[in-house]
Amino acid sequence: MEKKIGVYICTDCEIGKALDIEKLTKVAIEMKAPVVKSHPSLCQKEGVEFIKKDMAQEGVNAVIIAACSPRVNYDVFELGIPLVERVNLREGVVWSHPANDEDTQMMAEDYIRMGLLKMQKMEAPEPYKVEEPSKNVLVVGGGLAGITAANEAAKAGYEVFLVEKNEALGGWMSRIYKQAPTKAPYAEMEEPEINNLIKEVQQNPKVKIYTSSLIEKIDGAPGLYDVTVKRNGGAETFRVGAIVEAAGTVPYDAAKITEFGFGKYPNVITNYMMEAIAAKGTMVRPSDGKPVKSVAFIQCAGQRDEKHLPYCSATCCVESLKQAKYIRNQYPDSKVYIFYRDMRTPGHYEYFYKSMQNDAGVFLTKGDVKGITEDENKNLAVEVENTLLGEKIQVNADLVVLATGMVPVSALGEEILPPGVKPGDEFIPYVMIETDILNLEYRQGGEAPALINGYPDSNFICFPYETRRTGVYAAGSVRAPMDIPSTVADATGAALKAIQCVELTSRGEAVHPRVGDISYAEFFMQKCTQCKRCTEECPFGAINEDEKANPLYNPTRCRRCAICMGACPERIISFKNYSVDMIGNMVKNIEVPEEEEEKPRVIVFACENDAYPALDMVGLNRLQYNSFVRVVPLRCAGSMNLVWVADALSKGIDGILIMGCQYGDDYQCHMATGSYLAKIRLSKVAETLDRLKLESGRVQMEQVSIAEYYKIPKILDEFIKKLEGFGPNPYKGF
Amino acid sequence: MAAEKTKGILVVGGGISGITTAVEAAEVGYEVTLIEKNPYLGGRVAQLNKYFPKLCPPNCGLEINYRRIKSNPRVKIYTSAEVEKVSGAEGDFDVTVKLNPRYVNENCTACRACVDVCPIERPNDFNFGMDKTKAIYLPHDFAFPMRYVIDDKVCKKAECAKCVDACKYNAIDLNMKTQSLSLKAGSIVWATGWKPYDAKKIDNLGFGKYQNVITNMMMERLASQNGPTKGNIIRPSDGKEVSRVAFVQCAGSRDENHLPYCSYICCLASMKQATYVREQYPQAQIFIFYIDVRSPGTRYEKFYKKIQQDENIKFIKGKVAKIEEDPATKDIIVTAEDTQTLQKIHEKVDLVVLAAGMAPSTQESKIPSSVSYDTDGFITSNTGVAGMSAAGCAVKPIDVYSSAQTAAAAALKSIQSLVRR
Amino acid sequence: MAEAKVINPDLDFVKEIINSGGESLKKCFQCSTCTVVCNVTPEDRPFPRKEMIYAQWGLKDKLLNNPDIWLCHNCDDCTKYCPRGAKPGDVLAVMRKKSIEENAVPGFMGKIVTEPKMTLAALAIPFILFLAVLGLTGHLGIPDGDIVYSKFFPIRYIEVIFISAVILAGISYLSSLSRFWNNISKGSSQPYSKGFFPALIETLVEFLKHSRFGKCEANAGRKNGHLLVFYAFAGLAITTIWITIYYYLPEPYKKHSPISLADPMKWLANISALALLAGTLLIVFNRLKNKGYEYRNSSFDWTFAGMILLLGVTGALTEIIRLMGVSSIAYPMYFVHLLFVFYVIAYFPYSKLAHMGYRTLAIAYSKMANRDIAV
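Residues numbered from 1 in each chain as written. Chains lettered and ligands numbered in written order. Predicted model: local features only at pLDDT ≥ 70, side-chain atom pairs only at ≥ 80, totals over all residues. Heavy atoms only, no water.

Peer 1: What exactly am I supposed to notice about the overall build of chain C here?
Peer 2: Secondary structure summary: chain C contains 17 helices and 1 strand in total. Over its C-alpha atoms chain C spans a radius of gyration of 22 Å, differing by no more than 12% from the 21 Å that the globule rule assigns to 375 residues. Taken along its principal axes, the extent of the C-alpha atoms in chain C is 80 × 40 × 40 Å. Every one of the 375 residues in chain C was classed for burial, and the buried ones make up 55%. By sequence separation, contacts in chain C at least 24 residues apart represent 76% of the contacts at least 6 residues apart. In the form shown here, chain C has an accessible surface area of approximately 16000 Å², with 68% of it arising from carbon and sulfur atoms. A gap of 2 Å separates the mean positions of the 39 positive and 28 negative side-chain charges of chain C. (Helix = DSSP H or I, 4+ residues; strand = E, 2+ residues; numbered from the N terminus. Rg over C-alpha atoms; globule rule 2.2 N^0.38 Å. Buried < 20%, exposed > 50% of the residue type's maximum accessible area, 1.4 Å probe, protein only. Contact = heavy atoms within 4.5 Å. Areas by Shrake-Rupley, 256 points an atom, 1.4 Å probe, with all protein chains shown as cover. Lys, Arg positive; Asp, Glu negative; His and termini not counted. Charge placed at Lys NZ, Arg CZ, Asp CG, Glu CD.)

Here it is, written out as structure tokens:
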């Protein structure tokens, strides 16, 4: 269908007073917009009707609303057509720049122009629909998290495949004797819930259970995963839509903690071994089967320790208190010592701590255990300093229990860095630990990338399920150290995300953070040079490679960040409504005044997630920023293609500023590596600038979060001041 | 299978947990109604300057979540709304919602003309009374919806009505009345959140008595650019810069006289706030008095280690139980025992930040349903009513990350209720 | 680096503390709120946080010879603010009782008197003794005529019994205190900052003013009760001695009982008795009203408060009934009163009253060891 563009300029909210609307209209007409109109208040009912009338009567099917920011009145301007573009004249121009000013007017005119060019290049995206997408869920790992995820997904009506490598379901939880309290008054141990859950999952007809099974490989993408499971020497393949990774943890190897004599002294055991002893019924020690009347628990054994596990396993304090109860319940004359660094009983566990303290035979102190010695009868002596008793002490114990931490199964493998990346590099795009959990057929490696200490956790505080593999959701202790209630909640949440992924995929929509986006990347393969940049740089591993290094794009893995589009030197990757050509056109058509006019031009490529809203906040707060600036929103700073820089500079634009999210350790980029990639690309631009005989300072990267909006005017002023030092871009007027 | 359901999910509470529950369920394909008592969404996290341990701004995540709401027609939101009555059963709840008048309708463009003419001021509760707004005000500058509201406790209404004349958009309606909304829901998620424990009740810590003793939530506002001091951390008594700051952990938490449980987030929050001070005042000395430092897991422990590296931040194991003021300078003297050296220490500081704990909102105002509570007023994780679940800090004191996990879980639970029918 | 001290918690001792009124002991999680809110604790190695962990760990040695438990005045500021409900005030009170018991000479007396269950047995001793003396001397009966108590219980018998009791108790008490002094001072490595007598005098002057007590906040009311009881005992001691002196004065100065109500000495005695009653009642009411933060003293303290109250009440009744002239009640009442007088005097070294000496020594020691606080 022929595109018929209508441009609607709102004159409300000071726009009409601050700008020459007639001139703006003229600009749009010059740009050959078939319908150009202004209205006193587009967002009010009459305004919307005004547009709708044109749609009905004039056949306008692509609407440009030159009014307020797209962040407001989003619902009002829901016109039922895909091609609606908002030109931000209110927050972006009149609220942040002087009224009735020549430069402000020029800015508005450029934005109208850019909006039109964008619309001209824009096509309505059609969702990528997988034929018969699978809505089944694969759960890897049959412990508490896996079983919970399976049960919960099945309860919502989805078919689940549950794969467990051991013979029996239950994982670590089926080996504990009692579980710590989860219910008020939080003082009594509970029977492990896992047995009921196992029963439930076994009886659920929607869950197909594979025990003694391993995932040989998982091929495909969300909605289309073909899973090959090895069992009893045979292999079986089935299709699923999404995956919950609930592989759990293993205990840290206590033999490595040499200072506590594990492996040397038979009566030094781990908290894991303690559960086994308790489960047998009589609390006796390994060396001679003597009842244990004096037991010392050493917290943080090999934890919070750079030599071993640098982290806290989050559950050991509560677990040791619980195990102290095993002993105290059995022997009223027993003494249990707990030496802790910090007693970590958060939330309601404080009640359990209190109830255990209140037992006369439990002796607690903060302290650093210096060493353990053994006498000829295999009795142990524990030396502790920095205690609350005000001195260094020694206690004698029949048994010492080390609270060793947990290591995620996802950390048990070789760490493989992406090609060309060395450990210690400033930028490591992802850390892949090759274990045997998922065996994904992904070009970037077979597992979900690790975030910290080998855990494939989410980097985002607000979005715990926003990980680096679409459709793969880690749950339970494999994702982060956590207790039983958190594991249950986490696994339920992961099941929700898996279900959500299959539903979105079946509708052809992207998952978080561009949720609902139906556009997807298209590759013009004839021009591909097999440079591999897209396959390497995609933060989500969405692009595989064939033997000839041709990219094989998986739309359902894609998060639509367009980082591949920014990476591609041949510019063969585009989206229906976002392309190199489209932005390039906008950039090239910014009006650049003659040198003598002393009106420099600066392009700000602003990340849509944070920097663009931040610029909006500048306007909302009526802060003023330089009107030589032209803001071009990008899906992600990482989607910036260097050709835009070259285009802009060769057109006479004086400087280019990229506003992306924070990168580095605590990166805030929701496309993981996008903002950093933008920075890398910019650093490579120096070459181009040399060729153009320009100063490399004309391009700059800034990290801006939405909360830092107040810094923006200064950033821009300083940048423009720097540019003034360089003098005007000599390419002006070419 | 989704989307065909006629009855949707009701989420009560528009903080991070409620928002997350709502968008997660809606993105699966279910109809969700989200109701919030305040005139804006975001709840407690909207008041925070940064999140630990990443020190990233909460408004970043909220912005994304608001976008998820904006772009999803399946989510319907009501602010200034409270649940009044719930009847029925799983799959078929009848809910009466009270819509409190905002006095400002959808026509509002947030142009501010009304504020300029409004003659009445009120203490700004968003900033814990540390500054004032007019009687017509924007709750805060990231407010969603971005719309003004009138405080009907102070507004003189028809008697004044200056704002009505100033508004070009007919957005102000001083005759707005409380309305009642009836809706049907298949399942309900209570995400009613928490409120800061009233630190005035801790009589030995001087809050409310000494100006330079503030709470951790007040510190968040002081450090926020959109807070009462434009992000300058200064002493409330005289606006002076601070050079010595004491953080008092467990102010109310882990205390039978106040909140018997551990509020989970305060250790990390104080460490985070120490970075606010250190960033603004490179010479500042910080004292963190604690009983146990609780930074469980991977990232929190890493954050703790990072803070410990800072030579100007001193951790002292010993609870501050006495706070006095030097009446001449308004400096504050905090006293604790360093339990490692067995010495009483007295530090004279410019500012004291009490790590006041989290009290469930349901401690005082119970929800109109027969869900069960624990002794502290938290909703029990199994609410005891089929078709109802709870998420976030309504259940126990947790961080944002865990709140979002429980919210996703609650979304699935509420979907199951609809599927079961 | 210091040698590690081998620690072997005495579980029985922990249970003993718990069973003697310190049942909240184990709830302490060592936050040290108690030490901070305490106004009578020193800056260096303050109490009662460390005493709480010693007690939790059953470290008897560290506790019983610990002068700090005696510096505590049971103000209960710690108990009021304790976030765990561990009631350090109560636990230290139990510690003091244990300290009296452990330091007692002879040891068995300590066990008998400090054990509330043994109270009746303790009272049975004077009961039998008095009955025996009166029976053997033929005084077991209500004498005729005006009520003169010496007709019933001749003064010389009283003198023999009570003076011997005072001597025995005095010897025991001095031995106990010297044992205690050795225990507390033996660990001291630092040189003293002042001598014993200056420290002792300072301490006694403080006592006259009760200035240390004045620092209590949560339980400020206790100071007045204690002050009344303190001066009441002082007054009663003076009058008792004085009356003995009256008795032996040459005629016409010699006075016989009953002493005239107009006698200034009788005034002092009566005022002291009233003060004793009022003070004890104040203490008792104070304890009851402080239930707000679940304040509860050990039963040891309650027993003693009861004894003092009974002493005062029987004393007052003895006088009143005599004045009313009801001899059939007056003499038995006198007999009962004497039982309590005996109890207070003979068991002094093992009772709550023993704290006088222990506390005096502990405070004097704290002054010598430079651990004093400003009062």
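Peer 1: Explanation requested: helix α18 (residues 712-726) of chain A in the structure shown.
Peer 2: Given 3.6 residues to a turn, an α-helix orients residues that are three or four positions apart in the same direction. Residues and elements named next belong to chain A. Spanning 15 residues, α18 covers 21 Å between terminal C-alpha atoms, matching the ideal 21 Å at 1.5 Å per step. Along α18, the residues classified as buried are Ile 712, Pro 713, Ile 715, Leu 716, Phe 719, Ile 720 and Leu 723. Down the axis of α18, the buried set is contained in an arc of 160°. They therefore lie on one face. Pointing more than 90 degrees away from the buried face of α18 are the exposed residues Lys 714, Lys 721, Glu 724 and Gly 725. Where α18 is buried, its residues meet β29 (602-607), α15 (611-620), β30 (629-634), β31 (655-660) and β32 (699-703). Phi for Gly 727, located one or two positions after α18, is positive at around 85°. (Expected span 1.5 Å × (residues − 1). Arc of directions from axis to C-beta.)

Peer 1: Just to check I follow, could you spell out the interface of chain C and chain B for this structure?
Peer 2: A common way to state how big an interface is: give the accessible area lost once the parts meet. Each partner contributes to the interface: chain C provides 24 residues, whereas chain B provides 19 residues. Counting each side, the surface lost to burial between chain C and chain B is near 1900 Å², with a carbon and sulfur contribution of 46%. When residues of chain C are sorted by the area they lose upon contact with chain B, C:Val36, C:Glu43 and C:Pro83 head the list and together hold 30% of the total. The tally of links from chain C across to chain B stands at 2 salt bridges. (Buried area = accessible area lost by both parts, 1.4 Å probe. Salt bridge = Lys/Arg side-chain N within 4 Å of Asp/Glu carboxyl O.)

Peer 1: Help me understand the pairing of β30(A) in this model?
Peer 2: Along a regular strand, successive side chains alternate from one face of the sheet to the other. All names here are of chain A. Across the 6 residues of β30, 6 count as buried, placing the element largely inside the fold. Side chains Val 629, Val 631 and Pro 633 project from β30 onto one buried face, and the interleaved Arg 630, Val 632 and Leu 634 project onto a second face that is buried too. Two strands pair when backbone bridges link them, and β29 and β30 are joined in this way by 6 bridges, in the parallel orientation. By the bridge assignment, Val 602 is partnered in β30 with Val 629. After leaving β29, the chain enters α15 and then returns to the sheet as β30, a path that is right-handed. (Pairing = 2+ DSSP bridges. Right-handed = clockwise from strand over helix to strand, strands pointing away.)

Peer 1: Even after reading the chapter, I still don't get the nonpolar core, so can you show me in this structure?
Peer 2: A general trend in soluble globular proteins is that nonpolar side chains are found buried together. Core analysis: the largest hydrophobic core is formed by 291 residues, its most contacted members being A:Leu89, A:Phe605 and B:Ile323. With 10 residues, helix α11 (residues 484-506) of chain A is the largest single contributor of residues to this core. Apart from the residues within four sequence positions on either side, A:Phe605 is in contact with A:Ile583, A:Val587, A:Val632, A:Leu634, A:Met640, A:Trp644, A:Ile656, A:Leu657, A:Ile658 and A:Met659. Counting 112 residues, the second-largest nonpolar core is a separate cluster that includes A:Phe260, A:Val295, C:Cys31 and C:Ala354. (Core = buried A, V, L, I, M, F, W, Y, C linked by side-chain atoms within 4.5 Å.)

Peer 1: Explain the interface of chain A and chain B to me, please; I cannot follow it from the model alone.
Peer 2: Taken residue by residue, the interface counts 94 residues in chain A and 81 residues in chain B. Taken over both partners, the interface formed by chain A and chain B buries close to 7200 Å², and the fraction arising from carbon and sulfur atoms is 56%. Contact with chain B buries area across many residues of chain A, yet A:Ile461, A:Cys462 and A:Leu496 alone supply 10% of it, more than any other trio. The interface formed by chain A and chain B holds 11 salt bridges in total. Between the two partners, chain A and chain B, sit 41 residue pairs in polar contact (both at pLDDT 80 or more). Residue assignment for the side of chain A that touches chain B shows that the elements contributing at least two residues are α6 (144-155), α10 (349-357), α11 and α15 of chain A. With 13 residues, the single largest contributor to the side of chain A that touches chain B is α11(A). Here the residues of the side of chain A that touches chain B sort into 46 nonpolar, 22 polar and 26 charged. (Polar contact = N/O pair within 3.5 Å; in protein donor to acceptor, adjacent residues only side chain to side chain. Nonpolar A, V, L, I, M, F, W, Y, C, P; charged D, E, K, R; others polar.)

Peer 1: Even after reading the chapter, I still don't get the domain arrangement of chain B, so can you show me in this structure?
Peer 2: All names here are of chain B. Partitioning chain B into structural domains gives domain 1 (8-100 + 178-195 + 359-420), domain 2 (113-166) and domain 3 (198-356). Computed over C-alpha atoms, the centres of domain 1 and domain 2 are 27 Å apart. With 12 residues of domain 1 at the contact, the number on the domain 2 side is 11 residues. In total, about 980 Å² of surface goes out of reach between domain 1 and domain 2, with carbon and sulfur atoms giving 72% of it. Viewed at the interface, domain 2 and domain 1 are joined by 0 salt bridges. Taken together, the links from domain 1 to domain 2 amount to 2 residue pairs in polar contact (both at pLDDT 80 or more). The leading source of residues in the side of domain 1 that touches domain 2 is helix α2 (residues 58-70), at 4 residues. (Domains from an automatic or database assignment.)

Peer 1: What is the right way to read the environment of A:Asn554 from this model?
Peer 2: Residue and element names in this part refer to chain A. Looking at where Asn 554 falls in the secondary structure, it is placed in the loop between β27 (551-553) and α13 (563-567). Using a relative accessible area of 17% as the deciding quantity, one classes Asn 554 as buried. Residues Asn 554 and Ile 176, spaced 378 residues apart in sequence, show a C-alpha to C-alpha distance of 43 Å. Each residue touching Asn 554, except ones within four places of it in the same chain, is listed here: Gly 220, Ala 221, Ala 542 and Asn 544. For Asn 554, the side chain forms a polar contact with the main-chain oxygen of Ala 542, separated by 3.1 Å.

Peer 1: Explain the packing of α6(A) against helix α7 (residues 194-203) of chain A here, please?
Peer 2: A pair of packed helices can be characterised by two numbers: the angle between their axes and the separation between those axes. All names here are of chain A. Taken N-terminus to C-terminus, the directions of α6 and α7 make an angle of 45°; their axes are 10 Å apart at the nearest point. Of the possible angle classes, the one that applies to α6 and α7 is oblique. Between α6 and α7 lies a crossing whose hand is left-handed. From α6, Leu 144, Ile 147, Thr 148, Ala 150, Asn 151 and Lys 155 reach across to α7, where they touch Ile 194, Leu 197, Ile 198, Glu 200 and Val 201. (Axes fitted to C-alpha atoms, helices over the stretch in contact; angles between N-to-C directions. Parallel < 35°, antiparallel > 145°, perpendicular 65-115°, else oblique. Left-handed = near helix turned anticlockwise from the far one by under 90°.)

Peer 1: In this structure, what is going on with the pattern of salt bridges? I would like to understand it.
Peer 2: Where charged atoms from two side chains of opposite charge approach closely, those side chains can pair. Per the stated rule, a full pass over the model turns up 95 salt bridges over all chains. For B:Lys413, the salt bridge is made with A:Glu152, and the minimal N-O distance between the two is 2.8 Å. With one member in each of two chains, B:Lys413 in helix α8 (residues 400-420) and A:Glu152 in helix α6 form a pair that bridges those chains. Exposure remark for B:Lys413: the relative accessible area of 29% places this residue in the partly exposed category. A relative accessible area of 6% places A:Glu152 in the buried class.

Peer 1: Is there a simple way to explain the domain arrangement of chain C in this structure?
Peer 2: All names here are of chain C. Taken domain by domain, chain C consists of domain 1 (11-103) and domain 2 (107-368). For domain 1 and domain 2, the distance between their C-alpha centres works out to 27 Å. Between domain 1 and domain 2, the contact holds 30 residues from the first and 36 residues from the second. Seen at the junction of domain 1 and domain 2, the total is 1 salt bridge. Across the pair Lys 111 and Glu 101 runs a salt bridge whose closest N-O atoms are separated by 3.5 Å. Inspection of the region where domain 1 meets domain 2 yields 11 residue pairs in polar contact (both at pLDDT 80 or more). Sorting the residues of the side of domain 1 that touches domain 2 by element identifies α5 (68-71), α6 (77-81) and α7 (88-103) as the ones contributing at least two each. With 10 residues, the top contributor of residues to the side of domain 1 that touches domain 2 is α7. Its residues assigned to classes, the side of domain 1 that touches domain 2 comprises 10 nonpolar, 10 polar and 10 charged.

Peer 1: It is not clear to me how the sheet that holds strand β19 (residues 351-356) of chain B should be interpreted in this structure. Could you clarify?
Peer 2: Residues and elements named next belong to chain B. In spatial order, the strands read β12-β19-β13-β14-β15; together these 5 strands make up an open sheet with parallel pairing. Strand pairing shows two members of the sheet lacking a second neighbour, β12 (213-215) and β15 (313-317), which therefore form its edges. Sheet twist, expressed as the average angle between the axes of neighbouring strands with direction ignored, equals 20°. Across 3 bridges, the pairing between β12 and β19 is parallel. When the sheet's bridge partners are listed, Val 213 is paired in β19 with Val 352. Seen against the sheet, helix α5 (residues 216-223) touches β12, β13 (244-251) and β19 and runs at an angle of roughly 90° to β12. Each of β13, β14 (285-290), β15 and β19 is contacted by helix α6 (residues 266-280), which is oriented at about 170° to β13, the strand it contacts most.

Peer 1: Whenever I open this one, the side chain of A:Thr535 confuses me. Can you help?
Peer 2: Residue and element names in this part refer to chain A. With respect to the element layout, Thr 535 can be found in helix α12 (residues 533-537). Polar side-chain contacts of Thr 535 include one of 2.9 Å to the side chain of Arg 443. Among the polar contacts made by the side chain of Thr 535, one reaches the main-chain carbonyl oxygen of Lys 532 at a distance of 3.0 Å. Sequence-distant contacts of Thr 535, defined by excluding residues within four places in its chain, comprise Arg 443, Gln 444, Ile 543, Asn 544, Glu 545 and Pro 551.

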